[in-house]
There are 2 protein chains.
Amino acid sequence: MPAALEELIEALRVLPGVGPKSAQRMAYHLLQRDRNGAGRLGKALDAALAHIRHCSRCNTFTEAEICERCASPARDPHLLCVVEMPADLAMMEQTHAYRGMYYVLMGRVSPLDGIGPRELKLDRLLARATDGSVQEVILATNFTNEGEATAHYVGEMLRARGLKVSRIARGLPVGGELEHTDIGTITQALVERRVV
Amino acid sequence: MPAALEELIEALRVLPGVGPKSAQRMAYHLLQRDRNGAGRLGKALDAALAHIRHCSRCNTFTEAEICERCASPARDPHLLCVVEMPADLAMMEQTHAYRGMYYVLMGRVSPLDGIGPRELKLDRLLARATDGSVQEVILATNFTNEGEATAHYVGEMLRARGLKVSRIARGLPVGGELEHTDIGTITQALVERRVV
Ligand SMILES: [Zn+2]
Ligand SMILES: [Zn+2]
């Protein structure tokens, strides 16, 4: 097998869920049937690596130092909503029931995957939450075991600094994830958040 | 969502079997947890596009005008074995029972996918098989419906030019594919090939 083909097959395995067989299938497909697509993907990877970073305030993916949402004067600076992933933030926004700020963890506490508070860089969340503008932190992590553990840990950490911390209501089914929940349920859970 | 991230998610969908949800998961994973891997994949795509082409004799992927196998004086130039994909060629080689040349179709006749003799560029196989050196063409396409139809079509085409055409024996189970067959069975099928 030519070296450049072997390396492409190996390199495709950096994608989550892609094993040796499907990497080979993907490489053949790209080289044989979609060289334009392969070129587009190569360019997209380069551009994303060059331009995408984490917002210095909310930690979500952005092309600027501070993302548009964090820079917007229309948002309520006294509320800070903590979510696991950008997709969760997008779901919160779709409720149109929240006009505060966000912090995106980009993950959740997950001992089995070796992801603890340090890997999540929770000191950055702490710095953001204690910058003087935030009056209430709303924990909107998932109601999975890992999401609950994350909320518990973050809640303890922030309450120890004297912050008011709330948790969105358990309107979501146990084990449910924001990304797979209907907007109405998320709205209700937001409205019914309780101080913890 | 930042434009470069949106484009990366869209671009990942050129990969076969990757839908919107898994493209998003892949993009997040690369940007958040494996930027080195993303860079490696981008480079591998560029290098493969720049260096990988089809061997002008056997049509397999190669970095040279003519691949090593086609250029080797140790191979028997009188035998030409036709396979569907490079993975099939690799299986044939593992039998150590064949020392002739190959032609890789890079596909099979598949009316449902709109792939006919023209899409497979069978005129290139015809030119290769009638270049004066080949005395027998061994059809080693899969024993699937599509592989059988391909063998039938190719056999008709080559016999019409006066070539001797054989088919590897139906030692493989019906519906079987070379890539998923044990080496012993493939060896037997090769030895028992019959003129058709
Ligand atoms: Zn931000
Ligand atoms: Zn060749």
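With an unreviewed UniProt entry as reference, chain A is termed Recombination protein RecR, source organism Niveibacterium umoris. The UniProt entry for chain A carries the following comment under Sequence similarities (unreviewed entry): "Belongs to the RecR family." UniProt annotates chain A under Function (unreviewed entry) with the comment "May play a role in DNA repair. It seems to be involved in an RecBC-independent recombinational process of DNA repair. It may act with RecF and RecO."

By a widely used convention, the size of an interface equals the accessible area lost when the partners come together. At the junction of the two partners, chain B supplies 51 residues and chain A supplies 51 residues. Summing both partners gives a buried area of about 4700 Å² for chain B against chain A, and 67% of it is carried by carbon and sulfur. Counting the contacts that link chain B with chain A gives two salt bridges. Between B:Glu7 and A:Arg40 there is a salt bridge, with its nearest N and O atoms 2.8 Å apart. Linking chain B to chain A there are 16 residue pairs in polar contact (both at pLDDT 80 or more). Looking at which element gives the most residues to the side of chain B that touches chain A, the answer is helix H3 (residues 35-51) of chain B, with 14 residues. Broken down by class, the residue content of the side of chain B that touches chain A amounts to 29 nonpolar, eleven polar and eleven charged.

Below, the discussion takes up the pairing of strand S6 (residues 164-167) of chain A. Along any regular strand, the residues point their side chains to alternate faces of the sheet. Residues and elements named next belong to chain A. As defined by bridge partners, strand S5 (residues 136-139) adjoins S6 across four bridges and the pair is classed as parallel. If you follow Val137 over to S6, its bridge partner there is Val165. Taking the sense of rotation as the criterion, the β-α-β connection linking S5, helix H7 (residues 145-159) and S6 turns out right-handed.

As a further point, take the coordination of the zinc ion (ligand 1). All names here are of chain A. In the first shell of the zinc ion (ligand 1), the protein supplies Cys55 (SG), Cys58 (SG), Cys67 (SG) and Cys70 (SG), at 2.3 Å from the metal. Angles of 105 to 118 degrees at the metal separate the four donor atoms of the zinc ion (ligand 1), which places the site in the tetrahedral class. Taken in chain order, the donor set of the zinc ion (ligand 1) reads C-x2-C-x8-C-x2-C. The two residues Cys67 and Cys70 agree in class, both being buried.

Right, let's talk about the coordination of the zinc ion (ligand 2) for a bit. All names here are of chain B. Protein-derived coordination of the zinc ion (ligand 2) comes from Cys55 (SG), Cys58 (SG), Cys67 (SG) and Cys70 (SG), at a distance range of 2.3 Å. Bound by four donor atoms, the zinc ion (ligand 2) shows angles of 105 to 118 degrees at the metal and therefore tetrahedral coordination geometry. Since its relative accessible area comes to 2%, Cys58 is described here as buried.

Attention now goes to unusual backbone geometry. Backbone geometry at A:His96 places phi at a positive 55 degrees, although glycine is not the residue there. By the secondary structure assignment, A:His96 is in the loop between helix H5 (86-94) and strand S4 (100-104). Residue class for A:His96 comes out exposed when judged on its relative accessible area of 71%. For B:Lys121, which is not glycine, the phi dihedral falls at a positive 50 degrees. Tracing the backbone shows B:Lys121 in the loop between strand S4 (100-104) and helix H6 (122-129). Given the relative accessible area of 47%, B:Lys121 is considered partly exposed.

Turning our attention to the packing of H6(B) against helix H7 (residues 145-159) of chain B. Residue and element names in this part refer to chain B. Look at H6 against H7: their axes get within 11 Å of each other, and the N-to-C directions meet at 45 degrees. In terms of axis orientation, H6 runs oblique to H7. Considering only the axes of H6 and H7, their crossing is right-handed. Across from Leu122, Leu125, Leu126 and Ala129 in H6, the residues of H7 making contact are Tyr153, Val154, Met157 and Leu158. Taken together, the residues of the contact of H6 with H7 break down into eight nonpolar, no polar and no charged.

What counts, and where the lines are drawn
- Residues numbered from 1 in each chain as written.
- Chains lettered and ligands numbered in written order.
- Predicted model: local features only at pLDDT ≥ 70, side-chain atom pairs only at ≥ 80, totals over all residues.
- Heavy atoms only, no water.
- UniProt positions renumbered as here; feature names shortened; annotations may be inferred.
- Contact = heavy atoms within 4.5 Å.
- Buried area = accessible area lost by both parts, 1.4 Å probe.
- Salt bridge = Lys/Arg side-chain N within 4 Å of Asp/Glu carboxyl O.
- Polar contact = N/O pair within 3.5 Å; in protein donor to acceptor, adjacent residues only side chain to side chain.
- Helix = DSSP H or I, 4+ residues; strand = E, 2+ residues; numbered from the N terminus.
- Nonpolar A, V, L, I, M, F, W, Y, C, P; charged D, E, K, R; others polar.
- Pairing = 2+ DSSP bridges.
- Right-handed = clockwise from strand over helix to strand, strands pointing away.
- Donors = N, O, S within 2.8 Å, 3.2 Å for Na, K, Ca; no water.
- Tetrahedral: all angles 85-135°; square planar, octahedral: opposite > 155°, others 65-115°.
- Buried < 20%, exposed > 50% of the residue type's maximum accessible area, 1.4 Å probe, protein only.
- Axes fitted to C-alpha atoms, helices over the stretch in contact; angles between N-to-C directions.
- Parallel < 35°, antiparallel > 145°, perpendicular 65-115°, else oblique.
- Left-handed = near helix turned anticlockwise from the far one by under 90°.

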